[in-house]
Number of protein chains: 2
Amino acid sequence: MNKRIPVLEIFGPTIQGEGMVVGRKTMFVRTAGCDYSCSWCDSAFTWDGSSKEDIQQLECQEILKELKKIGGENFDHVTISGGNPALIASIDELVDLLHQHGIEVALETQGSRWQDWFKKIDDLTISPKPPSSQMKTNWHILDEIVERLKENHISLKVVIFNKSDLMYAEKVHQRYPGIPFFLQVGNDDLEEMESDHLALSLLKKYQWLIDQVVSSNTLNHVRVLPQVHALVWGNKRGV
Amino acid sequence: MNKRIPVLEIFGPTIQGEGMVVGRKTMFVRTAGCDYSCSWCDSAFTWDGSSKEDIQQLECQEILKELKKIGGENFDHVTISGGNPALIASIDELVDLLHQHGIEVALETQGSRWQDWFKKIDDLTISPKPPSSQMKTNWHILDEIVERLKENHISLKVVIFNKSDLMYAEKVHQRYPGIPFFLQVGNDDLEEMESDHLALSLLKKYQWLIDQVVSSNTLNHVRVLPQVHALVWGNKRGV
Ligand code: SF4
Ligand code: SF4
């Protein structure tokens, strides 16, 4: 019997709104389940039980079929997001299957668990969570993950809501100076459904974050990005 | 006697708003002069004579000194922009000097002229101009430039204002399929000084561009970006 993957959403093509391949045309596969419960999680439906009935246990072949059904010939890149997809061992097979079909794979995880298949991911983002999330980083595990992936196309990303998050980001950047480092504006207006309003408010926060980084001498070799998809589509899901 | 470089502006630190290292914390050095005269050029003051008196003929050491004076210890990356910096042979020395000081160098040029120092640029963007610019691409020169830079960290970027620009972009992407390819929204509201207004109008154009790319099967391995700095600062200069 083939192993199954708990899937909540498959959608696209759209563009990647965050991080190391921001703007990349991609499909999304969103898996269910997370070992964290960040205070500001924008995907809480993946782990808080509210979308339990929507979870489908799919085989890799079924996922590929659904991707092709929705995306046709209009994609060559898939982003696996969550939740925390690093909880799911059988993603290994999905990555292999996508590669066999000439499709690149990106994935984001907070760095709380290792999976051997991390090494196969084309664009891997490790996003440890800052203090505002109320989560605690296990530095021992994170050290090991970063060490094992030194030769891979990876990046670190920290979402910033306030000054203590920024201090945390400095710590992460100093701990792993050789890894491409991204700072991202946090979106705490998850209830705002007026997208113009949200966009302007996010741009103001982005400007604040840029100002902080510009005036720092420890955050030099960094990239600062907004959540591009939130600027365009606001808090809508499935785009 | 040392060779001099015609410089119009030195500013930063700020973030790179476009292309392959979008979001990168950087200083800017803007050179004077261009062999093109794109209809929608947002830096026309570099070549139309309007800022002639502001051009300073600087030696590399003077440029570095000015960068350090403005940026202090808060940067490790410099973007050389124009105009077309590829017109200036003596940029060779500037790149070497910056590298000696541990500073990375990015540069953008339309691909109308070759310089041997292209090979030293850390992040080189070649941005051939689409039909809406009223300029004509010399494919022979572009072929040669791309061929010589195959082993370097380069990308192609095309700014899109309309459907024929998009067809031109498809042509460029098909001609150089192995080169990372960026599509960028054009800003034709250069007179709009109300930055919220401009941001929302650019986001609408960005959404149009995403829609075009999403529904294409020839533009798959691409990245689609807004002009992030125009979203944040509107049409202001020197930020
Ligand atoms: S790690 Fe990600 S998915 Fe999990 S709770 Fe935090 S933000 Fe949400
Ligand atoms: S190539 Fe660049 S600087 Fe030169 S005219 Fe065109 S847009 Fe302006």
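Each chain carries its own residue numbering, running from 1 in the direction its sequence is written. In the order they appear in the text, chains get letters beginning with A and ligands get numbers beginning with 1. The model is predicted, so local features are restricted to residues of pLDDT at least 70 and side-chain atom pairs to those at 80 or more, both for listing and for counting; the totals for chains, interfaces and linings are taken over all residues. Only hydrogens and water are set aside; all other atoms, that is, all heavy atoms of the structure, feed into the side-chain values.

Under an unreviewed UniProt entry, the name given to chain A is 7-carboxy-7-deazaguanine synthase, and the source organism is Gracilibacillus xinjiangensis. UniProt positions are given in the numbering used here, feature names are shortened, and annotations may be inferred rather than shown by experiment. For the record of chain A, the UniProt heading Catalytic activity (unreviewed entry) holds the text "6-carboxy-5,6,7,8-tetrahydropterin + H(+) = 7-carboxy-7-carbaguanine + NH4(+)".

A. How the structure looks around the site of ligand 1. Residues in contact with ligand 1, as listed here, are A:Cys34, A:Tyr36, A:Ser37, A:Cys38, A:Cys41, A:Trp47, A:Gly83, A:Gln110 and A:Lys129. Nonpolar residues are Ala, Val, Leu, Ile, Met, Phe, Trp, Tyr, Cys and Pro. Charged residues are Asp, Glu, Lys and Arg, and all others, Gly as well, are polar. Of the residues assigned to the shell around ligand 1, the class counts are five nonpolar, three polar and one charged. When we say a residue is near a molecule or strand, we mean one of its heavy atoms is within 4 Å of it.

B. Focus on the site of ligand 2. Surveying the vicinity of ligand 2 reveals the residues B:Cys34, B:Tyr36, B:Ser37, B:Cys38, B:Cys41, B:Trp47, B:Gly83, B:Gln110 and B:Lys129. Its residues assigned to classes, the shell around ligand 2 comprises five nonpolar, three polar and one charged.

C. View of the interface of chain B and chain A. Any two residues whose heavy atoms approach within 4.5 Å are treated as being in contact. Between chain B and chain A, the residue contacts involve 39 residues of the former and 38 residues of the latter. In short, buried area is how much 1.4 Å probe accessible area vanishes from two parts on joining, totalled over both. Together chain B and chain A conceal approximately 3,200 Å² of surface at their shared face, both sides included; 58% is due to carbon and sulfur atoms. On the chain B side of the interface with chain A, the three residues burying the most area are B:Lys25, B:Asn220 and B:Arg223, jointly 18% of the side's total. The term salt bridge refers to a side-chain nitrogen of Lys or Arg lying within 4 Å of a carboxyl oxygen of Asp or Glu. At the surface where chain B touches chain A, the tally comes to zero salt bridges. Polar contacts, as counted here, are pairs of nitrogen or oxygen atoms within 3.5 Å of one another; within protein the pair requires one atom able to donate a hydrogen and one able to accept it, and residues that are adjacent in sequence qualify only if both atoms are side-chain atoms. Taken together, chain B and chain A are joined by 28 residue pairs in polar contact (both at pLDDT 80 or more). Runs of E in the DSSP output that reach at least two residues are strands. Runs of H or I that reach at least four are helices, and both are numbered from the N terminus. Every element with two or more residues in the side of chain B that touches chain A is listed here: strand E1 (5-15), helix H5 (195-214), strand E9 (222-225) and helix H6 (228-233) of chain B. It is H5(B) that contributes the most residues to the side of chain B that touches chain A, ten residues altogether. Of the residues belonging to the side of chain B that touches chain A, the class tally is 22 nonpolar, nine polar and eight charged.

D. Structural view of the packing of helix H1 (residues 60-71) of chain A against helix H2 (residues 91-100) of chain A. All names here are of chain A. Close contact between H1 and H2 brings their axes to 9 Å; oriented N to C, the two are set at 45°. Compared by their axis directions, H1 and H2 come out oblique. Taken as a pair, H1 and H2 cross one another with a handedness that is right-handed. Each of Cys60, Gln61, Ile63, Leu64 and Leu67 in H1 lies in contact with H2, whose residues at this interface are Glu93, Leu94, Leu97 and Leu98. In terms of residue class, the contact of H1 with H2 is built from seven nonpolar, one polar and one charged. Interaxial angle, 0 to 180 degrees, is taken between N-to-C directions of lines fitted to C-alpha atoms, where a helix line uses only the stretch in contact. Put simply, angles under 35 degrees are roughly parallel, angles over 145 are roughly antiparallel, angles from 65 to 115 are roughly perpendicular, and the rest are oblique. In a left-handed crossing the near helix is turned counterclockwise from the far helix by less than a right angle, and in a right-handed crossing that turn is clockwise.

E. Spatial organisation of the relation of the copies chain B and chain A. Residues below a pLDDT of 70 in either copy are left out; the C-alpha atoms of the rest, at least 70 in both, set the least-squares superposition of the copies. Overlay of chain B on chain A (RMSD 0.0 Å): rotation 180°, translation along the axis 0.0 Å. On the angle and the small slide along the axis, the relation comes out as a two-fold axis. A high fraction, 97%, of the interface residues of chain B reappear at the interface in chain A, so the copies pair face to face through one surface.

F. Fine view of the packing of aromatic side chains. Note on ring pairs: Phe, Tyr and Trp rings are taken, using the six-membered ring of Trp, and paired if centres are within 6.5 Å. Classes follow the plane angle, with under 30 degrees stacked, over 60 edge-to-face and the rest tilted. For the structure shown, the criterion picks out ten aromatic pairs over all chains. Geometrically, the ring pair formed by B:Phe11 and B:Phe28 is stacked, given 5.2 Å between the ring centres and 15° between the ring planes. Here B:Phe28 lies in strand E2 (residues 25-31) and B:Phe11 lies in strand E1, a separation of 17 residues in the sequence. B:Phe11 gets classed as buried once you look at its relative accessible area, which sits at 10%. Exposure categories follow from relative accessible area, calculated using a 1.4 Å probe and restricted to protein chains: below 20% of the type maximum is buried, above 50% is exposed, and the middle band is partly exposed. Judged by relative accessible area, which is 10%, B:Phe28 ranks as buried. Aromatic rings pair up to connect A:Trp114, A:Trp117 and A:Phe118 into one cluster. As a reminder, the over-ring test applies to NZ of lysine and CZ of arginine, requiring each to be within 6 Å of the ring centre and within 35 degrees of the ring normal. Its end group placed over the ring of B:Trp114, B:Arg148 keeps NZ or CZ at 4.6 Å from the ring centre.

G. Region of the structure containing the UniProt feature "binding site: [4Fe-4S] cluster" (unreviewed entry) in chain A. Residues and elements named next belong to chain A. Those places that UniProt annotates as "binding site: [4Fe-4S] cluster" (unreviewed entry) correspond, in this numbering, to Cys34, Cys38 and Cys41. Within the secondary structure layout, Cys38 lies in the loop between strand E2 (25-31) and strand E3 (56-58). A residue is classified by how much of its surface remains accessible, and Cys38, at 10% relative accessible area, is buried. Leave out the neighbours within four places in its chain, and Cys38 touches Trp47, Lys129, Ser133 and Met135. The topology assignment puts Cys41 in the loop between E2 and E3.

H. Expanded view of the pairing of strand E5 (residues 104-109) of chain A. All names here are of chain A. A pair of strands is labelled paired if DSSP reports no fewer than 2 bridges between them. Two elements, strand E4 (residues 77-81) and E5, share four bridges in a ladder whose sense is parallel. Across the sheet, Thr79 pairs through a bridge with Ala106, a residue of E5. When the strands point away from the viewer, a crossover counts as right-handed if the route from the first strand across the helix to the second turns clockwise. Between E4 and its parallel partner E5, the chain crosses via H2, and the hand of that crossover is right-handed. Direction of pairing for E5 relative to strand E6 (residues 123-126): parallel, over a ladder of four bridges. Bridge pairing links Thr109 to Ile126 in E6.

I. A look at unusual backbone geometry. Of note, the bond from A:Gly12 into A:Pro13 is cis; its omega dihedral lies within 30 degrees of zero at -5°. A positive phi is found at B:Gln134, a non-glycine position, where the angle reads about 75°. Positionally, B:Gln134 belongs in the loop between strand E6 (123-126) and helix H3 (139-148). Accessibility expressed as a relative area gives 63% for B:Gln134, which makes it exposed.

J. Spatial organisation of the sheet that holds strand E9 (residues 222-225) of chain A. All names here are of chain A. One open sheet accounts for nine strands, arranged E3-E1-E2-E4-E5-E6-E7-E8-E9; its pairing is mixed. The outermost strands of the open sheet, each flanked by one partner alone, are E3 and E9. Direction aside, neighbouring strands of the sheet carry axes that sit 30° apart on average.

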